[in-house]
Amino acid sequence: MAKISILLVGLWVLGSSTGLLDAEYMKYKDPKQSIDTRVEDLVSRMTLEEKIGQMLQIERKYASADLVKKYFIGSVMSEGGSVPAPQASAETWIDMVNEFQKGAVSTRLGIPMFYGIDAVHGHNTIYKATIFPHNIGLGATRDPELVKRIGAATALEIRATGIQYTYAPCIAVCRDPRWGRCYESYSEDPKLVQAMTEIIPGLQGEIPDNLPKGVPFITGKEKVLACAKHYVGDGGTINGIDENNTVIDRDGLMRIHMPGYFNSISKGVASIMVSYSSWNGEKMHANQDLITGYLKNTLHFKGFVISDFEGIDRITSPPHANFTYSIEAGVSAGIDMFMNPKLYIEFIEDLTMLVKNKFIPMSRIDDAVRRILWVKFMMGIFETPFADYSLVRYLGIQKHRQLAREAVRKSMVLLKNGESADKPLLPLPKKVPKILVAGSHADNLGYQCGGWTIKWQGVSGNNLLKGTTILAAVKNTVDPDTTVVYKDNPDAEFVKSNGFSYAIVVVGEHPYAEMHGDNMNLTIPDHGPETITNVCGAIKCVVIIISGRPVVIEPYVGSIDALVAAWLPGSEGQGVADVLFGDYGFTGKLPRTWFKTVDQLPMNVEDPHYDPLFPFGFGLSTKPTKGFYSE
């Protein structure tokens, strides 16, 4: 009897250990297996609850390691300006991201999460990061290779904080500068926007020749997931009203707003974000024809589709009026990941009910989860889920600041230079007795950077940013014996009576983002016009406009000797001085038409009623004053 018992126990142990061996070898954990094999193996093991968790992205304020573990959350994010601590260090960011990751990898299947943030002109939420010019300025450079290098630098700074995903690039084609997001658009011209998708291989890495087009691709720990946004037509809304209705036929949509997506997909973009806006009255977040039918089935996009922030809530008016309906509409349309920052438990409960009652087929859930997991396996996060501190050194480094400075000088567009070509004001002489620098934007890094900088709506002043103001850049550049006097808004008498050789006036828009920037009159805020009038009415002046779009300047052009569109140049104001004083020549060209009056809007190149103050592509050139200053 004892012998039989021992034999049975032995067989049981053998069977159990074989079972353990089977359990230990999970194909999805084996990096030698193909990504497709790993995805299928993992999906086959997942419960509905685990699948729905992967489809969620929640805000860091409402997240914790325990919560990520409990609900199997697939991704965490920062909304605009959301930080773990004021002026948080790179190490503090890494610690936070890794803490969330501990929760993710301690789940039954150990699926890592990734962290997303709006790094839209450099790693712009982070203290001490390099702030590059906003996209409109990059459009003025006409230099896709430069934009690719900016993508690579931005990726390094994002990874320096342990983050793996940015909601960039915005490939909107802004057709009306009254739109508050116009500065996020490279141009009104779809071809120029297409060229600037070269930022994607900068962010993600160069897609290998042997990979089929449309497959998301990311190389290694120095690169990040990119996100082409906002699909589709966000820059074409009526009167430029944010999140509104784009009224255009399908041919027009394909010709103007879609081309950037063709290039983004062919360059392996990992994700595409859906627009808040509507197309001919249908909310994009509920548009199955364009998301599933066109993007996934016709263009064969293999990455994941993500909602905008609480995007499905806004399918209904008022928002969140019928959340169950909004979830059904968004999931059925083909959205894979849902940026549901706060109400994720309601999302989980409603989506679970919709699947169990067969309103949404499991095949649609599986499609979403496969796409998200495919990207996670591709990016290598299963093998290295935790960020280390090895890339911290890249945050705001001098090499990146030099790159941003190069971008600034290449983005400057010279609109006027003296009354005639034989009497130019620029380049300015460095050695004169006394210079006046005036205007609200001359000594304000926050204004220089614009929205999406430190905070969602941007900031004012010089305390929260590291960089060089235009005033500081002028002082750095002129002869040591030249006196530089700064006055925000001098009166005409002060200007006339102080013996200035010339004046540099820096005025423009105050920071804004999204709908807060929608503007039907596009006038320069007070006291900008007054400063221009007082200074330029008295002495020779160059006026530098800091703005996210063309603004009303026609009434003042006659009194201005030289006029520069500087856009939102970011942290490296030295790039402005580089071209003002002739160390480099002006080369920038208008990425947008500059209107005479807002009554002309919308007005874009090739329109029948085209009558601009300065046409698309306009930009005067200057030669460097020293031959050895060349790129």
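Predicted model, so just to flag it, every value in this text is computed and none were measured. Every chain is numbered on its own, with residues counted from 1 as its sequence reads. Selection of residues for local features in this predicted model requires a pLDDT of at least 70, selection of side-chain atom pairs for listing and counting requires 80 or more, and totals for whole chains, interfaces and linings are taken over all residues. To obtain the side-chain values, all non-hydrogen atoms of the structure were included, while hydrogens and water were left out.

Caption draft 1: Just the overall build of the protein chain, in detail. A run of H or I in DSSP counts as a helix once it spans at least four residues, and a run of E counts as a strand once it spans at least two, with each numbered from the N terminus. A tally of regular secondary structure across the protein chain gives 22 helices and 17 strands. Two things to know: the radius of gyration comes from C-alpha atoms, and the globule rule equals 2.2 Å times the number of residues to the power 0.38. Relative to its length of 631 residues, the protein chain is compact, with a C-alpha radius of gyration of 27 Å against a globular reference of 25 Å. Across its three principal directions, the C-alpha atoms of the protein chain cover 115 × 50 × 40 Å. The buried label applies to any residue whose accessible area, calculated with a 1.4 Å probe on protein chains only, is under 20% of its type's maximum; exposed applies above 50%, and partly exposed to all values in between. Counting across all 631 residues of the protein chain, residues that qualify as buried make up 62%. Contacts: residue pairs with any heavy atoms within 4.5 Å of one another. Excluding contacts between residues fewer than 6 apart, the proportion of contacts in the protein chain whose partners are at least 24 apart in sequence is 76%. When the accessible surface of the protein chain is totalled, it reaches about 23300 Å², and 54% of it is carbon and sulfur. The distance from the centre of the 63 positive side-chain charges to the centre of the 69 negative ones in the protein chain is 5 Å. Here, Shrake-Rupley sampling with a 1.4 Å probe gives the accessible areas, and only protein chains in the shown set may cover a residue. In this tally, Lys and Arg are treated as positive and Asp and Glu as negative; His is ignored, and so are the chain termini. Charged groups are reduced to one reference atom each: NZ for lysine, CZ for arginine, CG for aspartic acid, CD for glutamic acid.

Caption draft 2: Layout of the UniProt feature "domain: Glycoside hydrolase family 3 C-terminal" (unreviewed entry) in the protein chain. UniProt positions are given in the numbering used here, feature names are shortened, and annotations may be inferred rather than shown by experiment. Sequence positions flagged by UniProt for "domain: Glycoside hydrolase family 3 C-terminal" (unreviewed entry) are, in local numbering, residues 412-621. Counted over residues 412-621, helix gives 19% and strand 16%. Its end C-alpha atoms are 10 Å apart.

Caption draft 3: Molecular detail of the packing of aromatic side chains. Between 30 and 60 degrees the pair is tilted, below 30 it is stacked and above 60 it is edge-to-face, where a pair is any two Phe, Tyr or Trp rings, Trp via its six-membered ring, whose centres lie within 6.5 Å. Counted under the stated rule, the structure contains 14 aromatic pairs. For the pair Y165 and Y167, a centre-to-centre distance of 5.1 Å together with 75 degrees between the ring planes defines the contact as edge-to-face. Exposure remark for Y165: the relative accessible area of 0% places this residue in the buried category. Between F614 and F618, the ring centres sit 5.4 Å apart and the planes meet at 25 degrees, which makes this aromatic pair stacked. According to the relative accessible area criterion, F614 is buried, its value standing at 9%. Through a chain of ring-to-ring contacts, the aromatic side chains of F114, Y165, Y167 and F304 assemble into a single cluster. Geometrically, a charge over a ring is one whose NZ (Lys) or CZ (Arg) sits within 6 Å of the ring centre while staying within 35 degrees of the ring normal. A cation over an aromatic ring shows up here: R142 above the ring of F616, its NZ or CZ 5.0 Å from the ring centre. Here the guanidinium or amino end of K487 rests over the ring plane of F494, the centre of that ring lying 5.2 Å away.

Caption draft 4: Inspection of the domain arrangement of the protein chain at higher detail. Source of the domain bounds: an automatic or database domain assignment. Once the domains are mapped, the protein chain shows domain 1 (46-394) and domain 2 (412-614). The C-alpha centroid of domain 2 is placed 34 Å from the C-alpha centroid of domain 1. Taken residue by residue, the interface counts 42 residues in domain 1 and 42 residues in domain 2. Taken together, both faces of the contact between domain 1 and domain 2 bury some 3300 Å²; the carbon and sulfur share is 54%. Here a salt bridge means any side-chain nitrogen of Lys or Arg lying within 4 Å of a carboxyl oxygen belonging to Asp or Glu. Where domain 1 touches domain 2, the interface holds two salt bridges. Among the ionic pairs, E188 bridges to R592, the shortest N-O distance being 3.9 Å. N or O atoms within 3.5 Å of each other form a polar contact, as long as, within protein, one can give a hydrogen and the other can take it, and as long as residues adjacent in sequence are counted only when both atoms are side-chain atoms. Viewed at the interface, domain 2 and domain 1 are joined by 27 residue pairs in polar contact (both at pLDDT 80 or more). Among the residues forming the side of domain 1 that touches domain 2, the class breakdown is 17 nonpolar, 14 polar and 11 charged. Accessible area that two parts lose when put together, evaluated with a 1.4 Å probe and summed over both, is termed the buried area. Polarity classes work like this: nonpolar for Ala, Val, Leu, Ile, Met, Phe, Trp, Tyr, Cys and Pro, charged for Asp, Glu, Lys and Arg, and polar for all others, with Gly in that last group.

Caption draft 5: Geometry of the sheet that holds strand 7 (residues 271-274). In space, the three strands of this open sheet follow the order 5-7-10, with parallel pairing throughout. Every other strand in the sheet has two partners, leaving strand 5 (227-231) and strand 10 (304-306) as the edge strands with one partner each. Sheet twist, expressed as the mean angle between neighbouring strand axes with direction ignored, is 25 degrees. A pair of strands counts as paired when DSSP detects no fewer than two bridges linking them. Alignment of strand 7 against strand 10, held across three bridges, turns out to be parallel. What sits directly across from I272, in strand 10, is V305. Inter-axis angles, ranging from 0 to 180 degrees, are taken between N-to-C directions of lines fitted to C-alpha atoms, where helices are fitted over the stretch in contact. Against the sheet, helix 12 (residues 288-298) makes contact with strand 5, strand 7 and strand 10, and its axis sits at roughly 140 degrees relative to strand 5, the strand it touches most.

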